[in-house]
Amino acid sequence: MSAPVFYAAAGMGRKVQGPALVAKDGFSARYDLDRAQGVFSRPEHKLAGQSYVGRVLVLDAAKGGVATAWMLHDMSARGLAPAALVLNAVNPIMVQGAALAAFTMISGFDLDITQVIPNGAVVEVDPTAARPFIRIC
Amino acid sequence: MKFNDEEQAMRAGAFGPAVQWAIEHQISVGRYLGAGDFVPVSQAHIMADTESLGVAGVEWLERWATLPVEQRRVRVPTITDPRGTDFAAAHRLKHQSWMLDLERRAIAAFEALGVLMTDTCINYQTIMPPVRGAHVAYGDTGVVIYSNSVCGARSNFEGGPSALSAGLTGRTPRYGYHLPERRRATLTVRVNWTPRALNDWGALGGIVGRRAGDYWQVPVLVGIDRIPDSDEMKHFGAALASYGSVALFHMAGVTPEAQRLDDVVASGQTLPAHAVGERDIRAFQASYAKAIDAADLVVFAAPQLSLVEVRQVADLLAGRRATIPLFVGTSPQVKADADRLGLTARMERAGATVLSGMCFYQSYAREMAEANGWVRLATNSAKLVNIIGGYGYKPVLLSMEACIEAACTGGKIAS
């Protein structure tokens, strides 16, 4: 039986594959990350202390301020970025940041995506498909 | 998306590569978020501190700054959010020379693009507040939510690259809060106790933000029993935007688009309903107070202080002396008035440091903590306590009076 495919409402960037880091929590590069070390640093965040570098982040909603629009670009330039962002709900900042950084992101599902992707599973994210999707490899 | 002749010319490169990049960036964002076309904007506001930009971001700006002048200038008034340092206070903050060099490079690049270096997140109190119905492209979530909600302007959160794009093209994709149908309420919040102090307003914003949950939610508050002043709205909105990523709220009988609840709730529509009382606000504040029993520093910022707030701080410091670092962050515009009115001198004689054009959390907060040995931070800003934990600080949310008391008693926090 093939693995289920979860379709998103929108996507941008290129197709990527990587291990998923999953939590029912929000995302903001300024609020949540130590970008020098590449780890979640906000003590209340469900992923506090965990490295996000090279991981497909599967999270609930974009949070916080506008800094992520620049920070994704800087994180990518320094090689300390996630592989992709998969969110139930985006805000414009995430879209603007992904657009500047040519970063892979998909969002908007008809279910809670954080509840169906197991933490640590290797997943494929394809925003280039006619219907952007994430699937477990 | 539909494009007019001028937009087609921008795409074709008729106005140079910066404008061409800008409009393609905007199209990419607009398509993702369902925009049908562009809407002209009358102002743009860019968040671009160098901690966020990084070296890569500054180099990216510098590439545009080297274009011929006719190809690189913004075409609508474009202003800036707080910067990553106050050069006059950098030594006190232990900002390093590489941070200052990066700031100077970013400022030079922005100036070459024709950007006005206002360095403020309270432009709606100090520069040129937008008029109801005006489409603008503002960065800084606190600026957007205040302008949308209190002024009745129309803006989405525009991060630095997109706000700069709007400055260069004079337009922004028409999605989200540029659309009347998106501005209707999606949840109601009955407030059973009208906040008093600014940290109460911030706590209310934090509570509503957590319950709202994401950018596309528009809370309408009912039960506020008086007209809040601009600083109260500022703290409420900044916290709501910070905790909830919310860009627009209504306050029935107060804000311009909700003179009546029916103005923002369709007839017969039932919205998710919440209630907030004084107990919730005190519990929110206490959740931070539990973390520490003393402060290493006190910070008033986020948002920058109005002249009225600066005067309040100066008055509370009268006859007293801060014995731990006490920072008062404001805009260059307010700082000039504070200087002229003698308020800066009064605060500095009492041991405070007045910061101009920066906002603390946007100013290498982690590096400042490490260099100065700061961990425990007291503030009256709910927005700041929400952000600063991720930088390694342990924050506490107090009233302005309690913050001053802590600053003048070696950091002791009254229980």
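As the structure is a prediction and not an experimental result, all values here were calculated from the model.

Asker: Any chance you could explain the sheet that holds strand S7 (residues 219-222) of chain B here in plain terms?
Answerer: Pairing between the strands of a sheet comes from backbone hydrogen bonds, and it takes one of two forms, parallel or antiparallel. All names here are of chain B. Spatially, four strands are ordered S8-S7-S6-S9 in an open sheet, and the strand pairing comes out parallel. Whereas interior strands pair on both sides, the edge strands pair on one side only; in this sheet they are strand S8 (250-251) and strand S9 (273-276). Pairing geometry for S7 and S8, over two bridges, is parallel. Within the sheet, the bridge partner assigned to Leu221 lies in S8 and is Met251. Along the sheet, helix H10 (residues 198-212) makes contact with strand S6 (187-191), S7 and S9, crossing S9 at roughly 155°.

Asker: Would you mind showing me how to read the environment of Leu305(B) here?
Answerer: All names here are of chain B. Looking at the secondary structure, you find Leu305 in strand S10 (residues 297-305). With 29 C-beta atoms counted inside 10 Å, the residue Leu305 sits in the buried group. It is 8.3 Å that separates the C-alpha atoms of Leu305 and Asp231, two residues lying 74 residues apart in sequence. When residues no more than four places from it in sequence are discounted, the contact partners of Leu305 are Phe300, Val310, Val328, Gly329, Thr330 and Val334.

Asker: Sorry, what's going on with the domain arrangement of chain B here?
Answerer: Accessible area lost upon the coming together of the parts serves often as the stated size of an interface. All names here are of chain B. Assigned domains within chain B: domain 1 (5-180), domain 2 (184-285) and domain 3 (291-407). For domain 1 versus domain 3, the separation of C-alpha centres amounts to 27 Å. In this complex, domain 1 contributes 21 residues to the contact, which on the side of domain 3 involves 20 residues. Looking at the side of domain 1 that touches domain 3, the elements that each hand over two or more residues are helix H5 (90-93) and helix H7 (123-126). Among the residues forming the side of domain 1 that touches domain 3, the class breakdown is seven nonpolar, seven polar and seven charged.

Asker: Is there a simple way to explain helix H9 (residues 160-169) of chain B in this structure?
Answerer: Given 3.6 residues per helical turn, the α-helix brings residues three or four places apart onto the same face. Residues and elements named next belong to chain B. Counting buried positions over the ten residues of H9 gives ten, a clear majority of the element. Of all the positions in H9, only Gly160, Pro161, Ser162, Ala163, Leu164, Ser165, Ala166, Gly167, Leu168 and Thr169 are classed as buried. Just downstream of H9, Gly170 is the residue with a positive phi angle, here 75°.

Asker: Mind showing me how you'd approach the packing of helix H2 (residues 68-77) of chain A against helix H3 (residues 92-101) of chain A here?
Answerer: The relative placement of two packed helices comes down to the angle between their axes together with the axis-to-axis distance. Residue and element names in this part refer to chain A. Interaxial distance between H2 and H3 falls to 7 Å at its minimum, and their mutual angle equals 35°. Helix-helix and strand crossings are classified by hand; for H2 and H3 the assignment is right-handed. Residue-level contacts link Thr68, Ala69, Met71, Leu72, His73 and Ser76 of H2 to Ile93, Met94, Gln96, Gly97, Ala98, Leu100 and Ala101 of H3. Grouping the amino acids of the contact of H2 with H3 by side-chain chemistry returns eight nonpolar, five polar and no charged.

Asker: How should the interface of chain A and chain B be read in this particular structure?
Answerer: Tallying the contact residues gives 33 residues for chain A and 32 residues for chain B. The residue makeup of the side of chain A that touches chain B, split by class, is 19 nonpolar, eight polar and six charged.

Asker: Just checking my understanding: could you explain the sheet that holds strand S3 (residues 16-22) of chain A for this structure?
Answerer: All names here are of chain A. Read across the sheet, eight strands follow the order S1-S10-S9-S3-S6-S7-S8-S2 without closing on themselves; strand pairing throughout is mixed. A single partner strand is all that each edge strand has here, and the edge strands are strand S1 (5-7) and strand S2 (10-12). The average undirected angle you get between the axes of adjacent strands in this sheet is 25°. Sheet topology note: the S3/strand S9 (residues 122-126) ladder contains four bridges and is antiparallel.

Asker: Help me understand the nonpolar core in this model?
Answerer: Soluble globular proteins tend to bury their nonpolar side chains together. The biggest cluster of nonpolar side chains holds 182 residues, and the ones touching the most others in it are Val56(A), Val58(A), Val86(A), Leu87(A), Val298(B), Val328(B) and Phe360(B). Ranked by residues supplied to this core, first place goes to helix H2 (residues 17-32) of chain B with eight residues. Val58(A) has contacts with Ala20(A), Leu21(A), Val22(A), Val86(A), Ile113(A), Thr114(A) and Ile117(A), leaving out every residue within four places of it along the chain.

Asker: Looking at this structure, how should I read unusual backbone geometry?
Answerer: In most cases, non-glycine residues show a negative phi, while peptide bonds are predominantly trans. All names here are of chain B. Between Ala302 and Pro303 the backbone carries a cis peptide bond, its omega angle lying at 0°. Here Pro303 shows up in strand S10. Positive phi is not limited to glycine here, since Asp140 has a value of about 70°. Locating Asp140 in the fold gives a position in the loop between strand S4 (137-138) and helix H8 (141-151).

Asker: Even after reading the chapter, I still don't get the packing of H8(B) against helix H11 (residues 230-244) of chain B, so can you show me in this structure?
Answerer: Residues and elements named next belong to chain B. Taken N-terminus to C-terminus, the directions of H8 and H11 make an angle of 120°; their axes are 8 Å apart at the nearest point. Comparing their axes, H11 and H8 come out oblique. In the packing of H8 onto H11, the handedness of the crossing is right-handed. In contact with Thr141, Gly142, Val144, Ile145, Tyr146, Ser149 and Val150 of H8, H11 contributes Met233, Lys234, Gly237, Ala238, Leu240, Ala241 and Ser242. Residues of the contact of H8 with H11, tallied by class, amount to eight nonpolar, five polar and one charged.

What counts and what doesn't
- Here the residue numbers are simple positions, counted from 1 along each chain's written sequence.
- Written order decides the labels, with chains lettered from A and ligands numbered from 1.
- For a predicted model such as this one, the threshold for reporting local features is a pLDDT of at least 70, and the threshold for listing and counting side-chain atom pairs is 80 or more; totals across whole chains, interfaces and linings nevertheless cover every residue.
- Here, strands pair whenever DSSP counts at least two bridges between them.
- Per the convention used, a helix needs a DSSP run of H or I reaching at least four residues, while a strand needs a run of E reaching at least two, with both numbered from the N terminus.
- Two residues qualify as being in contact provided that their C-beta atoms, derived from the backbone, are within 7 Å of each other.
- Only the contacting stretch of a helix is used when fitting its axis, a line to C-alpha atoms as for every element, and angles between N-to-C directions run 0 to 180 degrees.
- Whether a residue is buried, exposed or partly exposed follows from its count of other C-beta atoms within 10 Å of its own C-beta, namely 20 or more, 12 or fewer, or something in between, respectively; the C-beta atoms are built from the backbone.
- What counts as a domain boundary in this text is fixed by an automatic or database domain assignment.
- Asp, Glu, Lys and Arg are counted as charged, while Ala, Val, Leu, Ile, Met, Phe, Trp, Tyr, Cys and Pro are counted as nonpolar; the rest, among them Gly, fall into the polar class.
- By convention, the crossing between two helices is left-handed when the near helix turns anticlockwise from the far helix through less than a right angle, and right-handed when the turn is clockwise.
- Any set of buried Ala, Val, Leu, Ile, Met, Phe, Trp, Tyr and Cys residues joined through C-beta atoms within 7 Å is what this text calls a nonpolar core.
- Any angle that is under 35 degrees is reported as roughly parallel, and any over 145 degrees as roughly antiparallel; angles of 65 to 115 degrees are reported as roughly perpendicular and all others as oblique.

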